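Now for the letters of each chain:
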Amino acid sequence: MSEALVATQAPEAPASGASGARQFWRRLRAQRAAMVAAGVVALLVLVALAAPLLTAIEGQDPTTYHPALVDSARGGVPIGSLGGIGGEHWLGVEPQTGRDLFARLVYGARVSLGVALAATTVQVVLGVVVGVTAALGNRWVDQLLSRITEIIVAMPLIIMALALLAVVPGSFPRPVLVSLIIGFVAWGTIGKIARAATLSLKNLDYVAAARLSGWSTLRIARRELLPGLAAPVITYAALMVPNNIAIEASLSFLGVGVKPPTPSWGQMLTSANVWYQAAPQYLLLPAGALFVTVLALTVLGDGVRTALDPRAASRLRVGTGRKREAKPGAQTPGAAKPDAYAPGAQNPGGVQEARS
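Cut-off values and rules
Residues numbered from 1 in each chain as written. Predicted model: local features only at pLDDT ≥ 70, side-chain atom pairs only at ≥ 80, totals over all residues. Heavy atoms only, no water. Axes fitted to C-alpha atoms, helices over the stretch in contact; angles between N-to-C directions. Helix = DSSP H or I, 4+ residues; strand = E, 2+ residues; numbered from the N terminus. Left-handed = near helix turned anticlockwise from the far one by under 90°. Contact = heavy atoms within 4.5 Å. Nonpolar A, V, L, I, M, F, W, Y, C, P; charged D, E, K, R; others polar. Phe/Tyr/Trp six-rings, centres within 6.5 Å; stacked < 30°, edge-to-face > 60°. Buried < 20%, exposed > 50% of the residue type's maximum accessible area, 1.4 Å probe, protein only. Lys NZ or Arg CZ within 6 Å of the ring centre and 35° of its normal. pLDDT = per-residue confidence, 0-100. Patch = residues over 30% accessible without salt bridge, like charges linked within 9 Å, V, L, I, M, F, W, Y side chains within 5 Å. Areas by Shrake-Rupley, 256 points an atom, 1.4 Å probe, with all protein chains shown as cover. Salt bridge = Lys/Arg side-chain N within 4 Å of Asp/Glu carboxyl O.

Where helix H4 (residues 101–136) meets helix H7 (residues 174–185), the closest approach of the two axes is 8 Å, and the angle between their N-to-C directions is 35 degrees. Crossing hand, H4 versus H7: right-handed. Across the interface between the two elements, Gly 114, Val 115, Ala 118, Ala 119, Val 122, Gln 123 and Leu 126 from H4 touch Pro 175, Val 178, Ser 179, Ile 182, Gly 183 and Phe 184 from H7. Grouping the amino acids of the contact of H4 with H7 by side-chain chemistry returns 9 nonpolar, 4 polar and no charged.

Before going further, it helps to examine the packing of aromatic side chains. What the rule picks out here adds up to 1 aromatic pair. Centroid distance Trp 90 to Phe 102: 5.0 Å. Interplanar angle 55 degrees. Geometry classified as tilted. In this pair, Trp 90 is assigned in the loop between strand S2 (77–78) and H4 and Phe 102 in helix H4, connecting sequence segments 12 residues apart. The class of Trp 90 is partly exposed, set by a relative accessible area of 35%. Looking at Arg 139, its charged tip hangs above the ring of Trp 140, at a distance of 4.6 Å from the centre. A cation over an aromatic ring shows up here: Arg 219 above the ring of Trp 215, its NZ or CZ 4.1 Å from the ring centre.

Right, let's get into the confidence of the model for the protein chain. Looking at the protein chain as a whole, the pLDDT averages 79, with 81% of positions reaching at least 70. Note on residues 1–15: pLDDT under 50 across the span, and 24 contacts to partners over four residues away in sequence or across chains. Every residue in residues 318–327 scores below 50 in pLDDT, and together they form 15 contacts with partners more than four places removed in sequence or on other chains.

Let's shift gears to a nonpolar patch on the surface. A contiguous nonpolar patch, built from Phe 172, Val 176, Leu 180 and Phe 184 and spanning about 330 Å² of accessible area, is present on the exposed surface. On the secondary structure map, Val 176 appears in helix H7. Judged by relative accessible area, which is 40%, Val 176 ranks as partly exposed.

Here is the structure:
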């Protein structure tokens, strides 16, 4: 926290940026579930970045057709057990086309995670800027930006995507276009969160102290308010990433998202919905990748929220490494029950025995 901080609960000196980062890392490391989730997310990102190397080791690519590996007489079902899994195709092949599933899965991670992360970044930047400006502005600015935010929240994403695709040239990179569409159309909710949090923070003592010391509104927002917004914004952003992956899948289903032959998890799920009986791995692999991604990001987001705000208890009671505090007056398990009639103890009925 900056030098304008007025400690209201504990007379501690303001922590520097370096010490604050060390405290955050120490609190995050104390949560085993969050660290496991962070490892899973890091592994997914590493797989996405190393997709060309992994497919080169396998000797396949995500776009080459292998018609000899599917049974055309049965509608294109992969030949062999477990969808054609073998030494040349580690996870089998795609029905009808025979394209390698492992290659499409790891390359799909690049598209799905890249689109989701880019869209989330745009949403966070726009939402925080609009929300903080509305909370710190005068009544007219707040009313104007709040109405714009409500319009954005009510705006149908699919219709806006179709409208933008009508005016955007076909040469524009489709993953970038999908990221921008999601980011510019779906930032309203995080804008509301940033506005509500800023309205609560600007009435605190340390913000009032900064205002009385002559700081500008921009400096107060940058030095005092943005650190306080980190916990809710980062937590919600971690939950927006899997949601944006689902939105990308919906756009791909309608033909306005990432188009073939570029692979993505959502596109694979869309084309696999009719093959869940003949080739279940074609559906289970991208669905499992999405499930693991959503779960890891959710647990990591909760862990980050708890590390940023140690006063808030974790909503996930798994791997937090915390011991539940005993309630006042509660008896410790295994401890002997005190004798009510022992010397010095009161009578349970409240009446002391008469001494002879």
